[in-house]
Amino acid sequence: GVQTCALPIFPLLVETNAADKFDLIITVEAPMESRIERLKARGLFISEIEKRIANQATPEARKAVANILIDNNGTEEELLRKVEKIWEELSAPRN
């Protein structure tokens, strides 16, 4: 039969205690310095960045609910390759 897959992006999954609503959780983690630089590049002020980070779950809390962890410490192209590899593994036929 046909299998269905939904890929919701849920930025506050841990903070809202919604992890138990999903069969599989993939989290993407990046070093704090990289996260700050990316947010600065999007035009956020350091005060906004600090507030945003303070309101987020810790990396440890996100890792605790994740089935799969993607380390986003490289380029966007490297991240895309990691995501594609996971997708191929997850969508491969199972015997």
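Residues numbered from 1 in each chain as written. Predicted model: local features only at pLDDT ≥ 70, side-chain atom pairs only at ≥ 80, totals over all residues. Heavy atoms only, no water.

## Quick look at the layout of surface pockets
Turning to step 1, where the next piece is worked out: Counted as a void, the largest pocket has a volume near 1800 Å³.
Turning to step 2, where the next piece is worked out: Mapped onto the lining of the largest pocket, the elements with two or more residues apiece are strand S1 (26–29), helix H1 (32–41), helix H3 (59–65) and helix H4 (76–91).
Turning to step 3, where the next piece is worked out: At six residues, the largest contribution of residues to the lining of the largest pocket is made by H4. (1 Å grid on protein atoms, 1.4 Å probe; cavity = no way out; pocket = protein on both sides within 12 Å on 5 of 7 lines; lining within 4 Å. Points joined across faces, edges and corners; volume = space filled by probe spheres on them. Helix = DSSP H or I, 4+ residues; strand = E, 2+ residues; numbered from the N terminus.)

## Examining the environment of Thr-16
Turning to step 1, where the next piece is worked out: When you line up the elements, Thr-16 lands in the segment before S1.
Turning to step 2, where the next piece is worked out: Measuring from C-alpha to C-alpha, the distance between Thr-16 and Glu-37 comes to 26 Å, with 21 residues separating the pair along the chain.
Turning to step 3, where the next piece is worked out: Only 2.7 Å separates the side chain of Thr-16 from the backbone oxygen of Leu-12, close enough to count as a polar contact.
Turning to step 4, where the next piece is worked out: At 3.5 Å, the side chain of Thr-16 and the backbone oxygen of Leu-13 are in polar contact. (Polar contact = N/O pair within 3.5 Å; in protein donor to acceptor, adjacent residues only side chain to side chain.)

## Focus: the packing of aromatic side chains
Turning to step 1, where the next piece is worked out: Per the counting criterion, the structure on display carries one aromatic pair.
Turning to step 2, where the next piece is worked out: Relative to Phe-22, the ring of Phe-10 has its centre 5.8 Å away and its plane inclined at 85°; by these criteria the two rings are edge-to-face. Pair noted here: Phe-10 is in the segment before S1 and Phe-22 is in the segment before S1, with a separation of 12 residues, a long-range link.
Turning to step 3, where the next piece is worked out: The class of Phe-10 is partly exposed, set by a relative accessible area of 38%. (Phe/Tyr/Trp six-rings, centres within 6.5 Å; stacked < 30°, edge-to-face > 60°. Buried < 20%, exposed > 50% of the residue type's maximum accessible area, 1.4 Å probe, protein only.)

## A look at the environment of Lys-63
Turning to step 1, where the next piece is worked out: Mapped onto the secondary structure, Lys-63 falls in helix H3.
Turning to step 2, where the next piece is worked out: The class for Lys-63 is partly exposed, based on a relative accessible area of 42%.
Turning to step 3, where the next piece is worked out: In the structure, Lys-63 is positioned 49 residues away from Val-14 in sequence and 9.7 Å away in space, judged by C-alpha atoms.
Turning to step 4, where the next piece is worked out: In contact with Lys-63, other than residues within four places in its own chain, are Glu-29 and Leu-69. (Contact = heavy atoms within 4.5 Å.)

## Looking at the pairing of S1
Turning to step 1, where the next piece is worked out: Of the two faces of S1, only one is covered, namely that formed by Thr-27 and Glu-29; the face formed by Ile-26 and Val-28 stays uncovered.
Turning to step 2, where the next piece is worked out: Bridge count for S1 against strand S2 (residues 68–71) is four bridges, and the pairing is parallel. Residue pairing for S2: Thr-27 is matched across the bridge by Leu-69. (Pairing = 2+ DSSP bridges.)

## So, unusual backbone geometry
Turning to step 1, where the next piece is worked out: Positive phi values are uncommon outside glycine, yet Asn-17 reaches one of about 55°.
Turning to step 2, where the next piece is worked out: Mapped onto the fold, Asn-17 is located in the segment before S1.

Just distances and angles here, no functional claims.
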